[in-house]
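Architecture at a glance
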Amino acid sequence: MKHAVTYELLKTDQRTKARRGRVTTPHGTIETPVFMPVGTAATVKAMRPEQVKEMGAEIILSNTYHLYLRPGHDIVKAAGGLHKFMNWDKAILTDSGGFQVFSLGALRKITEEGVEFRSHIDGSKHMLSPEKSMEIQNALGSDIMMAFDECAPYPADRNYVKNSLERTTRWLKRCKEYHQNMENQSLFGIMQGGMYKDLRYESAMQIVDLDLPGYAIGGLSVGEPKELMLDVLDDCVDHLPAEKARYLMGVGSPDYLFEGVERGVDMFDCVLPTRIARHGMAMTSYGRVNIKNAKYERDFEPLDPECDCYTCKNYSKAYLRHLYKCDEMLSAMLLSNHNLHFLVKMMGNIRTAIEEERFLEYKNEFYAKYGRF
Ligand SMILES: CNc1nc2cc3c(=O)[nH]c(N)nc3c(CCN)c2[nH]1
């Protein structure tokens, strides 16, 4: 079948596994490596879609679990799909709900059929299965649908992780079976295997010959130490086909983005930039700024002297601190805008650096200024 979404490898760095590519979707192309802003409940929190587009974002992420529970995928479908509903005409990737049930819902039971859980909103009982997840994502109309998987907890014993990844593979085949006539939406598979390199290889071998346009690395960024995560990542990226898109799920602080790019990852997503913004934290070229700190009370300079975003062009740290202290809504709006702009621009700089064969130099230059992570 012709894939709605395709990946094109444009260039590989000569000294690392970093690579420059392009994902083509029915809602436009995406230059990679790319950071995807998260719009869980059909909104990138505190941001208007025009602002997200203006900063250069070409794809956002939304969530099956949340939209199924509220407002209901039938309502989003009746509205003409998620693009229309949230007034976003570029690409959308939807996560499949498994991870969100484990991390949010009151998990009740995992069976071969799927997952029984109680809604974190009203405690009502629900069931998500591979087929149900595909039905919801089809109703939402996302360009990239993620397979329904189990993200094994960390730590988890080897036997549990092995059984879990094998079930996830069976679930992926059920997703593919259900998805086959959705020609305007593509399905991405998800590799699991916990922190066990041999199980990750097993997972990859079970899913790569399903000929999907992209594969995600799941089961990481779940509380494991950074060295362990990077060691497992370094080993397992190579098991995914070079000619397909590679998506590392749930990763998004600057250092993890650089380390992931260096190991050959193309796509990333994380709630971090907008989440920390709501807690008064900003990412800047010179490290994190905690805006509530008293030292900014009379600091009339912008957050980041090297940033050209709306927030940095028009407001001072003193003002941003004032807004946060007064619990004003504009605080989250301005800090979210800056943090997303910072990451989206950083990824653009990474893409250029790869093109110009100076990725390592850019990484070291960034780290030297950003300071401790
Ligand atoms: C924040 N850390 C993190 N790890 C993840 C793993 C999975 C994972 O293994 N599977 C799925 N479906 N999603 C994951 C997510 C959500 C991505 N938006 C993760 N997030």
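Residues numbered from 1 in each chain as written. Predicted model: local features only at pLDDT ≥ 70, side-chain atom pairs only at ≥ 80, totals over all residues. Heavy atoms only, no water.

Under an unreviewed UniProt entry, the name given to the protein is Queuine tRNA-ribosyltransferase, and the source organism is Aminipila butyrica. Per UniProt, the comment on the protein under Subunit (unreviewed entry) is "Homodimer. Within each dimer, one monomer is responsible for RNA recognition and catalysis, while the other monomer binds to the replacement base PreQ1." (UniProt positions renumbered as here; feature names shortened; annotations may be inferred.)

Looking at helix 13 (residues 317-325)
Residues of helix 13 that are buried: Lys317, Ala318, Leu320, Arg321 and Leu323. Backbone geometry just downstream of helix 13 places Asp327 in the positive-phi region, at approximately 55°. (Buried < 20%, exposed > 50% of the residue type's maximum accessible area, 1.4 Å probe, protein only. Helix = DSSP H or I, 4+ residues; strand = E, 2+ residues; numbered from the N terminus.)

Quick notes on the site of the ligand
Around the ligand, the structure places 15 residues, and the nearest of them are Asp95, Asp149, Gly219, Leu220 and Ser221. Asp149 places a polar side-chain atom, nitrogen or oxygen, 2.7 Å from a nitrogen atom of the ligand. At a separation of 2.7 Å, an oxygen atom of the ligand approaches a polar backbone atom of Gly219. Burial of the ligand by the surrounding chains reaches 88%, relative to a free accessible area of 440 Å². More than half of the atoms belonging to the ligand lie within 2 Å of the grid points that define the largest pocket. Its residues assigned to classes, the shell around the ligand comprises five nonpolar, seven polar and three charged. (Near = heavy atom within 4 Å. Polar contact = N/O pair within 3.5 Å; in protein donor to acceptor, adjacent residues only side chain to side chain. Areas by Shrake-Rupley, 256 points an atom, 1.4 Å probe, with all protein chains shown as cover. 1 Å grid on protein atoms, 1.4 Å probe; cavity = no way out; pocket = protein on both sides within 12 Å on 5 of 7 lines; lining within 4 Å. Sits in = over half its atoms within 2 Å of the grid points. Nonpolar A, V, L, I, M, F, W, Y, C, P; charged D, E, K, R; others polar.)

Here's the deal with the layout of surface pockets
Considered as a void within the structure, the largest pocket measures approximately 810 Å³ in volume. Sorting the residues of the lining of the largest pocket by element identifies strand 5 (59-63), helix 5 (98-103) and helix 11 (272-277) as the ones contributing at least two each. Its residues placed into classes, the lining of the largest pocket shows 14 nonpolar, twelve polar and seven charged. Of the domains in this structure, domain 1 (6-269) and domain 2 (271-372) are the two that each give at least three residues to the lining of the largest pocket. A volume near 260 Å³ is recorded for the second largest pocket. (Points joined across faces, edges and corners; volume = space filled by probe spheres on them. Domains from an automatic or database assignment.)

Regarding the sheet that holds strand 13 (residues 245-248)
Across the sheet, eight strands lie side by side as 4-14-13-12-11-10-6-5; this open sheet has parallel pairing. Taken across any chain shown, the strands that pair with only one partner, and hence form the sheet edges, are strand 4 (34-36) and strand 5. Within this sheet the neighbouring strands show an average axis-to-axis angle of 25°, counted without direction. Summarising the sheet, strand 12 (residues 214-217) and strand 13 pair through four bridges and their orientation is parallel. Bridge pairing links Ala216 to Tyr247 in strand 13. Running at roughly 175° to strand 11 (residues 186-191), helix 7 (residues 158-179) makes contact with strand 10 (144-146) and strand 11 of the sheet. (Pairing = 2+ DSSP bridges. Axes fitted to C-alpha atoms, helices over the stretch in contact; angles between N-to-C directions. Contact = heavy atoms within 4.5 Å.)

Considering the nonpolar core
Membership of the largest hydrophobic core comes to 75 residues, with the highest contact counts inside it found for Leu233, Leu248, Phe268, Met346 and Ile350. No other element matches the nine residues that helix 14 (residues 329-355) contributes to this core. Viewed by domain, this core spans two of them, domain 1 (6-269) and domain 2 (271-372), each represented by three or more residues. (Core = buried A, V, L, I, M, F, W, Y, C linked by side-chain atoms within 4.5 Å.)

Quick word on the sheet that holds strand 8 (residues 115-118)
Sheet strands line up and pair through hydrogen bonds in the backbone, either parallel or antiparallel. Overall, antiparallel pairing links the three strands, which are arranged 7-8-9 in an open sheet. Whereas interior strands pair on both sides, the edge strands pair on one side only; in this sheet they are strand 7 (106-110) and strand 9 (125-128). This sheet shows a mean twist of 25° between the axes of neighbouring strands, independent of strand direction. Looking at chain direction, strand 7 and strand 8 are connected through four bridges and run antiparallel. Within the sheet, the bridge partner assigned to Ile110 lies in strand 8 and is Val115.

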